[in-house]
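The primary structure of each chain is shown beneath.
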Amino acid sequence: MQVVLIEGDGIGPEVTAATCRVVAAAGVKIDWVRTPAGAEAAKTHGDPLPDETLEVIRRYRVALKGPCTTPVGKGFRSINVRLRQGLELFASVRPVTTLPGVMTPYDKVDLVVVRENTEGLYAGLEHEVVPGVVESVRLITRRAAERIVRFAFELARVRGRRVVTFCHKADVMRLSDGLFLECARAVADEFPFILFDEKPIDNVCLELAADPSRFDVLVMENLFGDLISDLCAGLVGGLGVVPGANLGERYAVFEAVHGSAPDIAGKGLANPIALVRSAAMLLEHVGHRAAAERIERAVVKTLQAGVGLTPDLGGSGTTTTITAELARHAAK
């Protein structure tokens, strides 16, 4: 089986190498098709997301992506945004579950954040009207709204989830979120066997902090989804343990949701669990469900044992030691 691999930059090469080792230990033979993206690609190819990278993903359809650096307020445009828009990866899926051995205030978190991935403020439609005045367009279309809400309901149906909560701010943004809410209600009528709830996004934040166990599947527009998915990751131990997928009708890119952490790059301190779990999602996507389950069990066993863990998980180990533990458990 051939799968595209984007190492990324910063800690990307370290966590992707670790992930490839764990996948192999789980018994899946993958021919990784390596292709560039990130700050290094910008230096070597003149573009942080070369056209050839998009073409390779279109050819093989499935990719695993390491973290890529995005300059803040200057430099090149977000690689992630370009990748999602270029491949029509309209759905960001981030499962958030409590893990043993990871100390958090909550012990019963089990939810999925579904985020519309191509529109909203992240559509990148902004310009300077006059000096000192910048205008950004928040793009919401009926097609994209219906598509992402239907995706969330189908996900709930397939995974046996019971409630889909649509998050909005239609009381303030009456046209844009009003259209989105209208579409959500219409799609919900197609799934009478799944409960539908609608909540203002500020209420959702409050209720997540108070009791995240009350939520099941959350669906929302792009910016809200970016914020809520990171908030939810914080409920279960942070971005270092939460996987992510970007899915479209033809292509799928699985990635860790954390950044490239250039401050620890090359020091052997990077925690690969987020990307390892993203690889498990990839394996399930392509039909290797048993191997995906072995990897998830390996993560749980490694965290429970507390051996070889990296500093962010409370240990004194390295990327090498935690990878060895993950691979050992995945091989069982």
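What counts, and where the lines are drawn
Residues numbered from 1 in each chain as written. Predicted model: local features only at pLDDT ≥ 70, side-chain atom pairs only at ≥ 80, totals over all residues. Heavy atoms only, no water. Helix = DSSP H or I, 4+ residues; strand = E, 2+ residues; numbered from the N terminus. Rg over C-alpha atoms; globule rule 2.2 N^0.38 Å. Buried < 20%, exposed > 50% of the residue type's maximum accessible area, 1.4 Å probe, protein only. Contact = heavy atoms within 4.5 Å. Areas by Shrake-Rupley, 256 points an atom, 1.4 Å probe, with all protein chains shown as cover. Lys, Arg positive; Asp, Glu negative; His and termini not counted. Salt bridge = Lys/Arg side-chain N within 4 Å of Asp/Glu carboxyl O. Polar contact = N/O pair within 3.5 Å; in protein donor to acceptor, adjacent residues only side chain to side chain. Patch = residues over 30% accessible without salt bridge, like charges linked within 9 Å, V, L, I, M, F, W, Y side chains within 5 Å. Core = buried A, V, L, I, M, F, W, Y, C linked by side-chain atoms within 4.5 Å. Expected span 1.5 Å × (residues − 1). Pairing = 2+ DSSP bridges. Axes fitted to C-alpha atoms, helices over the stretch in contact; angles between N-to-C directions. Parallel < 35°, antiparallel > 145°, perpendicular 65-115°, else oblique. Left-handed = near helix turned anticlockwise from the far one by under 90°. Nonpolar A, V, L, I, M, F, W, Y, C, P; charged D, E, K, R; others polar.

**Concerning the overall build of the protein chain**
If you tally the helices and strands in the protein chain, you get 11 helices and 12 strands. Rg of the C-alpha trace for the protein chain: 20 Å, near the compact-globule value of 20 Å for 332 residues, within the 12% margin. By its C-alpha atoms, the protein chain is 50 × 45 × 35 Å across when sized along the principal axes. Taking all 332 residues of the protein chain together, 53% fall into the buried category. Restricting the contact set of the protein chain to residue pairs at least 6 apart, pairs at least 24 apart contribute 73%. Total accessible area on the protein chain is roughly 14500 Å²; 54% of this is exposed by carbon and sulfur atoms.

**Description of the side chain of Glu-116**
Position of Glu-116 relative to the elements: it lies in strand β5 (residues 110-116). The charged side chain of Glu-116 is buried without a salt bridge, its nearest counter-charge being Arg-147 at 4.2 Å. Polar side-chain contacts of Glu-116 include one of 2.8 Å to the backbone nitrogen of Glu-119. Once residues within four sequence positions are removed from consideration, Glu-116 is found in contact with Phe-90, Ala-144, Arg-147, Ile-148, Phe-180, Met-220, Glu-221 and Asn-222.

**A few points about a nonpolar patch on the surface**
Judged by side-chain polarity, Leu-125, Val-137 and Leu-139 come together as a nonpolar surface patch covering roughly 210 Å² of accessible area. Mapping Leu-139 onto the fold places it in the loop between β7 (133-136) and α5 (142-159). For Leu-139, a relative accessible area of 31% puts it in the partly exposed group.

**Overview of the nonpolar core**
Among the nonpolar cores identified, the biggest contains 88 residues, and Leu-111, Leu-208, Leu-218, Ile-228, Phe-254 and Leu-283 are the most heavily contacted of them. Per-element tally for this core: the top contributor is helix α9 (residues 273-285), with 9 residues.

**Section: helix α11 (residues 319-330)**
Residues three or four positions apart in an α-helix share a direction because the helix packs 3.6 residues into each turn. Between its first and last C-alpha, α11 extends 16 Å over 12 residues, near the 16 Å set by a 1.5 Å rise per residue. Among all positions of α11, only Thr-319, Ile-322, Thr-323, Glu-325, Leu-326, Ala-327, His-329 and Ala-330 are buried. Where α11 is buried, its residues meet α1 (12-25), α9 and α10 (289-305).

**Things to note about the pairing of strand β6 (residues 126-130)**
Direction of pairing for β6 relative to β7: antiparallel, over a ladder of 4 bridges. Looking at β7, one finds that Glu-126 is bridged to Ser-136. Adjacent in sequence and paired antiparallel, β6 and β7 are bridged by 2 residues, among which Gly-132 carries a positive phi angle near 90 degrees.

**Re the packing of α9 against α10**
One way to put it is that α9 packs onto α10 with a least axis distance of 7 Å and a crossing angle of 160 degrees. Between α9 and α10, the crossing angle belongs to the class labelled roughly antiparallel. Here α9 runs over α10; the crossing is left-handed. Note on element contacts: α10 touches α9 through Arg-289, Ala-291, Ala-292, Ile-295, Glu-296, Val-299 and Leu-303, opposite Ile-273, Val-276, Arg-277, Ala-280, Leu-283 and Glu-284.

**Digging into the packing of helix α7 (residues 201-210) against helix α8 (residues 222-235)**
Interaxial distance between α7 and α8 falls to 11 Å at its minimum, and their mutual angle equals 5 degrees. The orientation of α7 with respect to α8, classified from their angle, is roughly parallel. Between α7 and α8, the residues in contact are Ile-201, Val-204, Cys-205 and Leu-208 and Phe-224, Ile-228, Leu-231, Cys-232 and Leu-235, respectively. Broken down by class, the residue content of the contact of α7 with α8 amounts to 9 nonpolar, no polar and no charged.

**Examining helix α6 (residues 176-188)**
Taking 1.5 Å of rise per residue, the 13 residues of α6 would be expected to cover 18 Å, and the 19 Å separating its terminal C-alpha atoms lies within 8% of that figure. Ser-176, Asp-177, Leu-179, Phe-180, Leu-181, Cys-183, Ala-184, Val-187 and Ala-188 are the residues of α6 that are buried. On its buried side, α6 packs onto β5, α5, β8 (163-168), β9 (195-200), β10 (217-220) and α8.

**A short note on the pairing of β5**
Counting buried positions along β5 gives 6 out of 7 residues, so the element sits mostly inside the fold. Looking at chain direction, strand β4 (residues 91-97) and β5 are connected through 7 bridges and run antiparallel. Counted as the bridge partner of Thr-97 is Asp-110 from β5. Pairing between β5 and β10: 4 bridges, direction parallel. In the sheet register, Arg-115 faces β10, and the bridge partner there is Met-220.

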